[in-house]
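# Notes for the structure review
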Amino acid sequence: MKLTDHCISLKGLRFFAHHGVAPQERVVGNEYILNIRLQADLQRASETDDVADTVSYADVYEVVKAEMAIPSRLLEHVCARIIHRLLAVFPQVESVTVCLAKRNPPMGADIEVAEVEMRGER
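Residues numbered from 1 in each chain as written. Predicted model: local features only at pLDDT ≥ 70, side-chain atom pairs only at ≥ 80, totals over all residues. Heavy atoms only, no water.

## Things to note about the sheet that holds strand β1 (residues 7–17)
Taken together, four strands build an open sheet; the order of strands is β1-β2-β3-β4 and the sheet is antiparallel. The open sheet terminates on both sides in strands that have one partner only, identified here as β1 and β4 (113–121). Neighbour to neighbour, the strand axes of the sheet diverge by 15° on average, direction disregarded. As defined by bridge partners, β1 adjoins strand β2 (residues 30–40) across nine bridges and the pair is classed as antiparallel. Counterpart to Ile8 in the pairing with β2 is Leu38. Here helix α3 (residues 57–68) sits on the sheet in contact with β1, β2 and β3 (93–103), set at roughly 35° to β1. Against the sheet, helix α4 (residues 75–89) contacts β2, β3 and β4, and its axis sits at roughly 150° relative to β3. (Pairing = 2+ DSSP bridges. Helix = DSSP H or I, 4+ residues; strand = E, 2+ residues; numbered from the N terminus. Axes fitted to C-alpha atoms, helices over the stretch in contact; angles between N-to-C directions. Contact = heavy atoms within 4.5 Å.)

## Some points on the confidence of the model for the protein chain
Taken residue by residue, the protein chain gives an average pLDDT of 94. The fraction at 70 or more is 100%. Ranking the helices and strands of the protein chain by mean pLDDT puts α4 first, with 98, and helix α1 (residues 23–28) last, with 88. (pLDDT = per-residue confidence, 0-100.)

## Let's talk about the pattern of salt bridges
Once their charged atoms are close, side chains differing in charge can pair, the charge on each being opposite to the other. Applying the stated criterion across every chain, the model contains six salt bridges. In this structure, Glu25 and Lys102 form a salt bridge, with 2.5 Å as the shortest nitrogen-oxygen distance. Residue Glu25 is found in helix α1, and its partner Lys102 is found in strand β3; the two are separated by 77 residues along the sequence. A single burial state applies to Glu25 and to Lys102, both of which are buried. Taken together, the salt bridges that share partners define one network made up of Glu67, Arg81 and Arg85. (Salt bridge = Lys/Arg side-chain N within 4 Å of Asp/Glu carboxyl O. Buried < 20%, exposed > 50% of the residue type's maximum accessible area, 1.4 Å probe, protein only.)

## A look at unusual backbone geometry
A positive phi angle, near 60°, is found at Asp49, a position not held by glycine. Within the secondary structure, Asp49 is located in the loop between α2 (43–48) and α3. The exposure class assigned to Asp49 is exposed, which follows from its relative accessible area of 75%.

## As for the environment of Ala22
Along the polypeptide, Ala22 turns up in the loop between β1 and α1. Exposure remark for Ala22: the relative accessible area of 34% places this residue in the partly exposed category. Separated by 84 residues in sequence, Ala22 and Pro106 place their C-alpha atoms 9.1 Å apart.

Next comes the structure, spelled out in C-alpha coordinates:
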(Lines give C-alpha, C1' and ligand atoms only; values in the text may rest on other atoms or scores of the structure.)
Protein backbone atom coordinates (compact mmCIF):
# COMPACT_ATOMS: atom_id res chain seq x y z
CA MET A 1 0.00 0.00 0.00
CA LYS A 2 1.28 3.48 -0.90
CA LEU A 3 0.61 6.14 1.74
CA THR A 4 0.31 9.77 0.68
CA ASP A 5 0.13 13.21 2.27
CA HIS A 6 2.67 12.53 4.99
CA CYS A 7 3.15 15.13 7.70
CA ILE A 8 4.25 15.51 11.29
CA SER A 9 2.69 18.28 13.36
CA LEU A 10 3.63 19.78 16.70
CA LYS A 11 0.79 21.91 18.02
CA GLY A 12 0.59 24.29 20.92
CA LEU A 13 4.29 24.53 21.73
CA ARG A 14 4.57 27.23 24.39
CA PHE A 15 7.58 29.48 24.91
CA PHE A 16 8.45 32.55 26.90
CA ALA A 17 10.67 34.63 24.63
CA HIS A 18 11.91 38.17 23.96
CA HIS A 19 10.63 39.21 20.53
CA GLY A 20 9.13 42.56 19.61
CA VAL A 21 9.59 45.86 17.84
CA ALA A 22 9.62 47.89 21.06
CA PRO A 23 12.85 47.57 23.09
CA GLN A 24 10.72 46.96 26.22
CA GLU A 25 9.24 43.80 24.60
CA ARG A 26 12.71 42.38 24.10
CA VAL A 27 13.53 43.08 27.75
CA VAL A 28 10.30 42.00 29.47
CA GLY A 29 9.38 39.15 27.11
CA ASN A 30 6.03 37.56 26.35
CA GLU A 31 4.30 34.21 25.87
CA TYR A 32 4.25 32.62 22.41
CA ILE A 33 2.37 29.67 20.97
CA LEU A 34 3.86 27.82 18.02
CA ASN A 35 2.43 25.24 15.63
CA ILE A 36 4.62 23.42 13.11
CA ARG A 37 3.75 21.15 10.22
CA LEU A 38 6.51 19.18 8.49
CA GLN A 39 5.89 17.39 5.22
CA ALA A 40 8.21 14.45 4.71
CA ASP A 41 8.11 10.99 3.21
CA LEU A 42 7.08 8.79 6.13
CA GLN A 43 6.39 5.65 4.08
CA ARG A 44 9.51 3.80 5.26
CA ALA A 45 8.87 4.65 8.93
CA SER A 46 5.33 3.31 8.62
CA GLU A 47 6.75 -0.01 7.45
CA THR A 48 9.84 -0.38 9.69
CA ASP A 49 8.57 1.06 12.98
CA ASP A 50 12.07 2.54 13.39
CA VAL A 51 12.59 6.11 14.63
CA ALA A 52 15.66 6.36 12.37
CA ASP A 53 13.28 6.35 9.38
CA THR A 54 11.26 9.38 10.51
CA VAL A 55 11.74 12.90 11.86
CA SER A 56 12.09 12.87 15.66
CA TYR A 57 9.61 15.17 17.43
CA ALA A 58 12.17 15.71 20.18
CA ASP A 59 14.85 16.80 17.72
CA VAL A 60 12.44 19.19 16.00
CA TYR A 61 11.54 20.69 19.37
CA GLU A 62 15.21 21.28 20.24
CA VAL A 63 15.76 23.18 16.96
CA VAL A 64 12.66 25.32 17.53
CA LYS A 65 13.59 25.97 21.16
CA ALA A 66 17.05 27.21 20.14
CA GLU A 67 15.59 29.59 17.53
CA MET A 68 12.92 30.92 19.91
CA ALA A 69 15.69 31.83 22.39
CA ILE A 70 17.22 34.30 19.91
CA PRO A 71 15.52 37.71 20.31
CA SER A 72 14.07 39.21 17.13
CA ARG A 73 12.04 42.30 16.37
CA LEU A 74 9.58 40.57 14.01
CA LEU A 75 7.69 37.29 14.22
CA GLU A 76 8.26 36.96 10.47
CA HIS A 77 12.00 36.82 11.12
CA VAL A 78 11.60 34.14 13.79
CA CYS A 79 9.37 32.02 11.51
CA ALA A 80 11.80 32.27 8.60
CA ARG A 81 14.75 31.28 10.81
CA ILE A 82 12.86 28.26 12.15
CA ILE A 83 11.89 27.13 8.64
CA HIS A 84 15.42 27.59 7.29
CA ARG A 85 17.00 25.69 10.17
CA LEU A 86 14.52 22.78 10.07
CA LEU A 87 15.08 22.35 6.32
CA ALA A 88 18.86 22.45 6.89
CA VAL A 89 18.87 19.97 9.79
CA PHE A 90 16.35 17.47 8.42
CA PRO A 91 17.07 16.63 4.76
CA GLN A 92 14.03 14.33 4.56
CA VAL A 93 11.67 17.28 5.24
CA GLU A 94 10.14 18.63 2.03
CA SER A 95 8.31 21.64 3.47
CA VAL A 96 7.70 23.38 6.78
CA THR A 97 4.74 25.50 7.87
CA VAL A 98 5.17 27.57 11.02
CA CYS A 99 2.41 29.49 12.79
CA LEU A 100 3.73 31.73 15.58
CA ALA A 101 1.36 33.65 17.88
CA LYS A 102 2.24 36.33 20.41
CA ARG A 103 -0.18 36.45 23.35
CA ASN A 104 -1.54 39.85 24.41
CA PRO A 105 0.62 41.97 22.09
CA PRO A 106 1.12 45.53 23.39
CA MET A 107 -0.99 47.41 20.85
CA GLY A 108 -3.79 48.91 22.92
CA ALA A 109 -6.41 46.43 21.69
CA ASP A 110 -8.44 43.73 23.37
CA ILE A 111 -6.76 40.90 21.49
CA GLU A 112 -5.86 37.34 22.40
CA VAL A 113 -2.98 36.82 19.94
CA ALA A 114 -1.22 38.33 16.95
CA GLU A 115 -0.09 35.57 14.62
CA VAL A 116 2.19 35.04 11.63
CA GLU A 117 2.08 31.95 9.42
CA MET A 118 4.80 31.11 6.89
CA ARG A 119 5.63 28.12 4.70
CA GLY A 120 8.96 27.16 3.18
CA GLU A 121 9.95 24.28 0.94
CA ARG A 122 13.03 22.89 -0.74
